[in-house]
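# Architecture at a glance
This is what each chain is made of:
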Amino acid sequence: MIRLFDSARGEVCDLRLRDPGRVSIYVCGPTVYGPPHLGHGRFTLVWDVLRRWLTFQGLSVEFVSNITDVDDKIIARAAAEGRAESEVAAECEAEWWAAMALLGVARPDEVPHATDYVAGMVELIEALLERGAAYRTSDGVYFEVTSVRDYGLLAGQPLESLRAGARVGVSDEKRTPLDFALWKAAKPGEPSWPAPFGEGRPGWHTECVVMALDLLGEGFDLHTGGLDLKFPHHENERAQAAALGRPFARHWDHNGMVTVGGEKMSKSLGNFTSLTDLAARTDPRAYRLLVLRSHYRSPLEVNPSTVADAERALARLDAFARRFDLDPLAGADRLVLHDRHDFAEEADDLYERVAAALNDDLDTPLAVADLFEAVTAANQMEDEGRHGPARRLAHAVNTLFGAMGLGLRAGTDGVDDVTRRLVAERDAARAQRRFGDADRIRDQLVERGWVVEDGPAGTVVRRA
RNA sequence: GGCGGCGUGGCCGAGUGGUUAGGCAGGGGCCUGCAAAGCCCCGUACUCCGGUUCGAAUCCGGACGCCGCCUCCA
């Protein structure tokens, strides 16, 4: 069984499942109001890797991730552009899925939208009001954080010290500065829904409670998201469930932030790179590899140098795929299942080491290191003419990278007729030892964007 | 002010009480007509100061520095 860090406990512990063999995971998704950036890319990749790994090991994974499609920022943008909120949200969501496809992030099993769950949220808020955990003000309904004894569990701080540092704008009507809006009273020109406590729209912290409980049920296994959601967002979700006496997530886990020049990347700082820009600049698989090569809870520094580093490391893996004629085993919607037959004797040890690393708090950097060692080992065997063992080890490497969602690609496809002809001419020239001609043809191929490699079977070209 | 995390060789980045992380970059060699790819060899790192220990980068204490959260944020 996998061990994972639990943000509520503050330590790595066994992931104890509600139902043996089945894992239910809720990942806090995006608010769709702008282009997805590298930070979104990281969290989706991290939890995609976890999902894939658990699936690979034969667990039945129920993976839910929401889209927040009602929110202040969506409303603000819609107003600024004179468009309907739903139009802005739909457009941004389309961008989101396009970016996910580029990254090879598998689509969640369920993608609940906040606007589809307003009725459930209204019910939940009513129940909180009945229990005295929420109160009405002139501008909506607020949750009273003092109603939950262990409020601050995820923050790792008691309510008092959180209150002391609160920078929240103090509203006269709030009983405690940390109290948060469950429902925002309708304002002219804003989307709203009817409710017994007044027309309005839901606050951000309620939707996930309703959607997670509805789709995954009480006591679901794991709730994850970016570290910046730990407090107050997740704390507040927890508080609502706790106030109602409904078992919520059994485990919590959070991924580290993406940094640029050592500082957190965020839309508010304006130092973000969109995933579309990234994809225009590099093979998105390089970003997955970059993400895999750092621990998911550590900050991840992304800059041209770290990306270039990952690109070159990926090139090594692709060269490996070329040498052993490996087919990519992972794709956006392709989850690989563990197949014992993939693991020949030569690869038993590799599998054990990779599994041990990943099952120890998803230590992908260590797993990747093990796989790179295996790459060297297989190359070595091949050099020594031990083709069978080399090939079997290579296939295991491919399978395990596939289990983490990284498809190795030979990059030899897309060869057009002209290129094919040049390659044939070059082979002929080399066979006749007309090296001047051979070099001239190679220059032509390079000009056409190919890298030329002479292997045992003659000239092979691949995309530069 | 409170809470949490981090400080590893040129860079990225694991790990850990005594044994090579790994990748990238760099140097040397092998292979190659020359390359490319691949293989071999090379760096001998762990912020600083104390302490524990036969032995600490790894444990304890302190100092310094950096980052995150405490407001929207993945």
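Before reading on, note that the structure itself is shown above.
First things first, this report covers the structure right here in the doc. The structure displayed is predicted, hence computed values, not measured ones.

### With respect to the packing of aromatic side chains
The geometry of an aromatic ring pair comes down to the distance between the two centres and the angle between the two planes. A full pass over the atoms with the stated rule returns eleven aromatic pairs. Seen in terms of ring centroids, F143 and F180 are 5.1 Å apart; in terms of plane orientation they differ by 20°. Their pairing is stacked. With F143 in strand β6 (residues 140-143) and F180 in strand β7 (residues 180-185), this pair connects stretches of sequence that are 37 residues apart. An identical accessibility class is assigned to F143 and F180; each is buried. Each ring, one from W183 and one from F197, has its centre 5.4 Å from the other, and the planes form 80°; the classification is edge-to-face. Highlighted residues: W183 in strand β7 and F197 in the loop between β7 and β8 (200-202), separated in sequence by 14 residues. A residue is classified by how much of its surface remains accessible, and F197, at 8% relative accessible area, is buried. Three or more aromatic residues joined by ring pairs make a cluster, and in this case those are F220, F248 and W252. Looking at R175, its charged tip hangs above the ring of Y135, at a distance of 4.0 Å from the centre. The lysine or arginine in question, R463, covers the ring of W450, its NZ or CZ lying 3.8 Å from the ring centre.

### Thoughts on the protein's contact with RNA strand B
R167, W204, L229, K264 and R442 are the nearest of the 65 residues found near RNA strand B. In RNA strand B, the atoms that sit within 4 Å of the protein are 65% sugar and phosphate, with bases accounting for the remainder. R323 places a side-chain nitrogen or oxygen 3.2 Å from a sugar or linking oxygen of RNA strand B. The dominant element in the surface near RNA strand B, judged by the number of residues it contributes, is helix α12 (residues 364-383), at nine residues. Grouping the amino acids of the surface near RNA strand B by side-chain chemistry returns 23 nonpolar, 21 polar and 21 charged.

### Looking at the pairing of β6
As paired elements, strand β5 (residues 134-137) and β6 share four bridges and run antiparallel to each other. Looking at β6, one finds that R136 is bridged to V141. Hairpin connection between β5 and β6: a loop of two residues separates the two successive antiparallel strands. Summarising the sheet, β6 and β7 pair through four bridges and their orientation is antiparallel. Residue pairing across strands places V141 opposite W183, the latter belonging to β7.

### A few points about the layout of surface pockets
Estimates place the volume of the largest pocket at around 1100 Å³. Around the largest pocket, the lining comprises 37 residues; the ones closest to its centre are T31, K73, W204, D228 and L229. If you list the elements that add at least two residues to the lining of the largest pocket, you get α1 (38-56), α2 (72-81), β7, β8, α6 (204-216), β9 (222-226) and α7 (230-244). Along the lines of polarity and charge, the residues of the lining of the largest pocket split into 15 nonpolar, 14 polar and eight charged.

Definitions and limits used
Counting restarts for each chain: residues are numbered from 1 in the order of the written sequence. In the order they appear in the text, chains get letters beginning with A and ligands get numbers beginning with 1. Per-residue local features of the predicted model are confined to residues with pLDDT of at least 70, and side-chain atom pairs are confined, for both listing and counting, to 80 or more; whole-chain, interface and lining totals are unaffected and use all residues. As a convention, hydrogens and water are excluded, and side-chain values are obtained from all of the structure's heavy atoms. Each Phe, Tyr or Trp ring (for Trp, its six-membered ring) is paired with any other whose centre lies within 6.5 Å, and the angle between the two planes then decides the class: stacked below 30 degrees, edge-to-face above 60, tilted in between. Secondary structure is summarised from DSSP: a helix means a run of H or I of at least four residues, a strand means a run of E of at least two, and numbering begins at the N terminus for each. The buried label applies to any residue whose accessible area, calculated with a 1.4 Å probe on protein chains only, is under 20% of its type's maximum; exposed applies above 50%, and partly exposed to all values in between. In this analysis the charged atom, NZ for Lys or CZ for Arg, is taken to sit over a ring once it is within 6 Å of the ring centre and within 35 degrees of the ring normal. We call a residue near a molecule or strand when any one of its heavy atoms sits within 4 Å of it. Polar contacts, as used here, are pairs of N or O atoms within 3.5 Å; protein pairs need one atom able to donate a hydrogen and one able to accept it. Residues neighboring in sequence count only if both atoms are side-chain atoms. Note on residue categories: nonpolar means Ala, Val, Leu, Ile, Met, Phe, Trp, Tyr, Cys or Pro, charged means Asp, Glu, Lys or Arg, and polar means any other residue, Gly included. The pairing criterion for strands is at least two bridges between them, as found by DSSP. In the cavity and pocket records, a cavity denotes points on a 1 Å grid over the protein atoms alone where a 1.4 Å probe fits but cannot get out, a pocket denotes an open set with protein on both sides within 12 Å along at least 5 of 7 lines, and lining residues are residues with an atom within 4 Å of a point. Grid points are joined across faces, edges and corners, and a volume is the space filled by probe spheres set on the points.

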